Amino acid sequence: MLGLSITNVSKVWNPKGPNPVPAVTNLTLDVALGEFVVLLGPSGCGKSSLLYIVAGLEDATSGKVTFDGLPVTQPSPERSLIFQEASLFPWLSVRENVGFGLSIRGKTPLERKEKVDALLRMVGLGGAGDRRPDELSGGMRQRAALARALAMDPKVLLMDEPFAALDIQTRARMQDHLLQIWQASGASVLLVTHSIDEALALADRIVVFTARPGQIKAEITVDAPRPRDLRSPEMIDLARRCEALLAEEVTKAFKEQELL
Ligand SMILES: Nc1ncnc2c1ncn2[C@@H]1O[C@H](COP(=O)(O)OP(=O)(O)OP(=O)(O)O)[C@@H](O)[C@H]1O
Ligand SMILES: [Mg+2]
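Every chain is numbered on its own, with residues counted from 1 as its sequence reads. Chain labels run from A onward and ligand labels from 1 onward, assigned in the order the entries are written. Per-residue local features are limited, in this predicted model, to residues with pLDDT of at least 70; the limit for side-chain atom pairs, both in listing and counting, is 80 or more; totals at the level of whole chains, interfaces and linings are taken over all residues. To get the side-chain values, all heavy atoms of the structure are used, and hydrogens and water are removed first.

Caption draft 1: Geometry of the pattern of salt bridges. Salt bridges are counted wherever a side-chain nitrogen of Lys or Arg sits within 4 Å of a carboxyl oxygen of Asp or Glu. Following the criterion strictly, the structure yields 14 salt bridges and no others. Linking Lys11 and Glu58 is a salt bridge whose minimum nitrogen-to-oxygen distance equals 3.3 Å. With Lys11 in strand S1 (residues 4–13) and Glu58 in the loop between helix H1 (47–55) and strand S4 (62–67), the pair connects residues that are 47 residues apart, well separated along the chain. A salt bridge links Arg205 to Glu219, with the shortest nitrogen-to-oxygen separation between them at 2.6 Å. One end of the pair, Arg205, is in strand S9 (residues 205–209); the other, Glu219, is in strand S10 (residues 216–221), with 14 residues separating them in the sequence. Only DSSP runs of H or I with at least four residues qualify as helices, and only runs of E with at least two residues qualify as strands; both kinds are numbered from the N terminus onward.

Right under this line is the structure:
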């Protein structure tokens, strides 16, 4: 199958230690070529763990992940991960960070510059190319991380709460940009968020996780054309469904975390 295929994946952290932590259990999820899937779930239910496995940064304890039919065993620029906390190389300027992967790919300096400048403008950092990450706000750093991932023309973008640190207006704008990029690129997206509104604005399909160990509780297909009016009766109805599904799991997660 083209796209991403996650089959019966389980992940136990510290499996041999005194306190093994099952993060996800028997998870099966396909993300088709060009599909936009959003994961919603309570804190600590294994969403980031799953993205690390799909990115090839961690091994699953059992189960299988394939991309375009081939097993995922290591990270690849085809599967770019944008971390929950923006991670840029602190010693490089923003421009050098965004162009880093392109230099490895052997692009000429001119090709690199044109692409990097276009990406920086797109994420609203046209004037910040020469700054270092520690001179930027958290939101600017996260946008630079997005530009860096996009520079590699990934086939699937794995995004772990990419906009959580952004103010609400910047966030809405970044969501619009992301939709444009996604539609133009034909890439698949697997994005984690805690925001039901974000999920509804972006997703073809919303996958709601249970409390840890994460399993799929429900899948909700969102058919409405984009851009979506989140105040329409149809969207309000979907938002209520997501809220109800999540609320149960958040309660369970809180109870469990209190016992830690
Ligand atoms: N490297 C690790 N070593 C040990 N345990 C870990 C590790 N990473 C995560 N865990 C544990 O696995 C569980 C799932 O964590 P994970 O970060 O995947 O959750 P999450 O759904 O992304 O949560 P959040 O929404 O808060 O980001 C948690 O109980 C966490 O403590
Ligand atoms: Mg997480």
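Caption draft 2: Spotlight on the sheet that holds S1. Judged by pairing direction, the sheet is antiparallel, and its four strands sit side by side in the order S2-S1-S4-S5 without closing on themselves. Looking at strand neighbours, the two that pair on one side only are strand S2 (21–31) and strand S5 (70–71), the edges of this open sheet. Each of S1, S2 and S4 touches H1; the most contacted strand, S1, lies at about 120 degrees to it. Paired strands are those between which DSSP finds at least two bridges. We call two residues in contact whenever any of their non-hydrogen atoms come within 4.5 Å of each other. In this description, a line fitted to the C-alpha atoms serves as the axis of each element, helices being fitted only across the stretch in contact, and the angle between N-to-C directions of two axes falls anywhere from 0 to 180 degrees.

Caption draft 3: View of the environment of Ala55. Assignment of secondary structure puts Ala55 in helix H1. Between the C-alpha atoms of Ala55 and Leu200, which are 145 residues apart in sequence, the distance is 24 Å. If sequence neighbours within four positions are ignored, Ala55 has contacts with Gln74, Pro75, Ser76, Arg79, Leu81 and Leu158.

Note that every value here comes from positions in space, so none of it alone points to a role or purpose.
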